[in-house]
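For reference, the chains in residue letters:
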Amino acid sequence: MKVLKFGGTSVGSPDRMKKLLNIINADERQIVVLSAVSGTTNSLVEIGQAYLASDKARAATLIATLKDKYELFIKELFNDEKCLSRGKEVIDYHFGLLSQLSNDLFTHIEDKIVLAQGELLSTTLYHVYLQEIGVPSVLLPALDFMRVDEDHEPVVDYITDHINPLLNKHLENKLFITQGYICKNSFGEIDNLRRGGSDYTASLIGAAIRSEEVQIWTDIDGMHNNDPRIVKSTQPISQLSFDEAAELAYFGAKILHPQSVFPAQKYKIPVRLLNTMDPQAAGTLITGDSVKDGIKSIAAKDDITAIKIQSSRMLLAYGFLRRVFEVFERYKTSIDMITTSEVGVSLTIDDTTHLGDITKELNSFGSVELDVNHTIICVVGDFGADKHGYAARVLESVKHIPIRMISYGGSDHNLSLLVKTEDKVEALRSLHSRLF
Ligand code: ADP
Ligand code: ASP
Ligand code: MG
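Counting starts from 1 at the beginning of each chain's written sequence and moves along it residue by residue. Whichever chain is written first is A, and whichever ligand is written first is 1; the rest continue in order. This being a predicted model, a pLDDT of at least 70 is required before a residue's local features are given, and a value of 80 or more before pairs of side-chain atoms are given or counted; all residues contribute to the totals for chains, interfaces and linings. Hydrogens and water are ignored here; the side-chain numbers use all heavy atoms of the structure.

Undergrad: Explain the site of ligand 2 residue by residue, including any values.
TA: Close contacts around ligand 2 come from S35, A36, T41, E119, Y181, R195, G196, G197 and S198, and that covers them all. Any pair of N or O atoms that falls within 3.5 Å is considered a polar contact. Within protein, one atom must be able to donate a hydrogen and the other to accept it, and sequence-neighbouring residues count only if both atoms are side-chain atoms. Measuring from an oxygen atom of ligand 2, one finds a side-chain N or O atom of S35 at 3.2 Å. Here a nitrogen atom of ligand 2 sits 2.6 Å away from a polar atom, N or O, in the side chain of E119. A total of 260 Å² of accessible area belongs to ligand 2 in isolation, and the protein chains cover 86% of it. Put simply, a residue is near a molecule or strand once any heavy atom of it comes within 4 Å of that molecule or strand. Throughout, the Shrake-Rupley method with a 1.4 Å probe supplies accessible areas, and for residues the shown protein chains are the sole cover considered.

In structure tokens form, the structure reads like this:
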């Protein structure tokens, strides 16, 4: 059974929604994961922020504007009067719920309820559309099977145990529709898999049902060899290994949610990145196999803070790095890059929630320096056994740009550079023109 995920632009208009059936084979048993209609989650974020700031008037205006869009959307989506009025009921219900939250004490719990409405709307409207045109389908409520634990980690066994009975209840059905992004947390509250999380939903379902393939349908023909929003004439990559794709996703290639590769990798499920606007294009196939052809792609991750700890006590001291790492562990802050010398260590983090406390504790080891507004440039490929020349080519390409850190050799497929964010665009363009 395949899992097909369609992103925001792929369901971004009534016309696009109708065209999904050119891609979905309604005669093959499969699960279709939908994102919210493009722009909706951003609007919901703003609505939540207005409520959190107790600005009910602004929340009401934002809700009314978004509702107007959906009123138009359903008018174009449905032909049949009965389905149109069913569509109207659907949007009245979800927007009624958004408005009703103004009566409650609004906390981050209610905020998650707001954010969940986008995927609930898109899937329910699509389900009603399929009914209108007589295509049988089953709407699977993601909140009944998608779950994260107390560390916000998805629990694949839980998902397996809860989705399979739902699928088995409908053995005669072929087409299943479900919401991306949304889940329940360990308190049983509505939560989500973070922005872009519908990709993660797809690969988690793929892992849970041991799917034959997960397809991520989006608005571009696969993973490109650089960020197409910044660099001109980027090219799609036909094949990537799970490790390479994970590095690119984690280090900023927006086409994939940072964590979405891991469930597929663990259960060896091939992932294909495909273009809804050009379904015939080959896209990118992600599997356990690595194609040995050197440098494949470049990605960039912003909002990085570098922390340098210098201490003469580090000299010959075993256990020093462990004590440094323990500080980050205590504050559940993950480290992206690390470089060491005999008298100092530099590392980077992107989550600065606990930076104050972390710095305070690190001060007891030596002098601590912080550099904010940095970007990790990540060059990914198969540097394999023959590591000859890759590092030299990368460094030669950015010799005119100040480099704060270099990390190479952590794996066979990643060379990362830390630069000031103001140098990012030049670094990406220069690497692109010289490496490809
Ligand atoms: P969806 O809404 O379908 O999930 P996203 O906007 O999350 O789509 O991801 C697709 C976008 O990712 C593309 O439109 C492209 O601008 C951006 N992107 C960034 N880096 C890359 C890359 N290396 N390859 C392909 N797309 C990328
Ligand atoms: N709708 C969510 C977002 O915009 C999830 C997704 O599209 O993947 O982040
Ligand atoms: Mg996305």
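Resuming the write-up.
Undergrad: How would you summarise the site of ligand 1 if you had to cite specific residues and measurements?
TA: Neighbouring ligand 1 are 16 residues; K5, T218, D219, H224 and K254 lie closest to it. A distance of 2.7 Å separates an oxygen atom of ligand 1 from a polar side-chain atom of T218. Within the backbone of H224, one N or O atom sits 2.8 Å away from a nitrogen atom of ligand 1. Here the nonpolar group is Ala, Val, Leu, Ile, Met, Phe, Trp, Tyr, Cys and Pro; Asp, Glu, Lys and Arg are the charged ones; every other residue, Gly included, is treated as polar. Looking at the shell around ligand 1, its residues break down into 5 nonpolar, 6 polar and 5 charged.

Undergrad: Which residues make up the pairing of strand 15 (residues 405-408), and what values go with them?
TA: Relative to strand 16 (residues 414-420), strand 15 runs antiparallel, the two sharing 4 bridges. Following the sheet pairing, Y408 is matched in strand 16 by L415. When DSSP finds at least two bridges between two strands, those strands are taken to pair. Numbering of helices and strands runs from the N terminus, with a helix taken as a DSSP run of H or I at least four residues long and a strand as a DSSP run of E at least two residues long.

Undergrad: Describe the packing of aromatic side chains, and please don't skip the residues or the numbers.
TA: Pairing of aromatic side chains requires ring centres within 6.5 Å, counting the rings of Phe and Tyr and the six-membered ring of Trp. Pairs whose planes differ by under 30 degrees are stacked, by over 60 edge-to-face, and all others tilted. Counted according to the given criterion, the structure contains 9 aromatic pairs. Relative to W217, the ring of F6 lies with its centre 6.1 Å away and its plane at 20°, an arrangement referred to as stacked. Taken together, the residues span a long stretch of sequence, with F6 in strand 1 (residues 2-6) and W217 in strand 7 (residues 213-218) at a distance of 211 residues. Each of the two residues, F6 as well as W217, counts as buried. Ring centres of Y70 and F95 lie 5.7 Å apart, and the angle between their planes is 55°; this geometry places the pair in the tilted category. Linking Y70 in helix 3 (residues 56-77) with F95 in helix 4 (residues 81-100), this pair joins segments that are 25 residues apart in sequence. Ring pairing ties together the aromatic residues Y70, F73 and F95, which thus form one cluster. Relative accessibility under 20% of the residue-type maximum defines a buried residue, over 50% an exposed one, and the middle range a partly exposed one, all with a 1.4 Å probe and only protein chains included.

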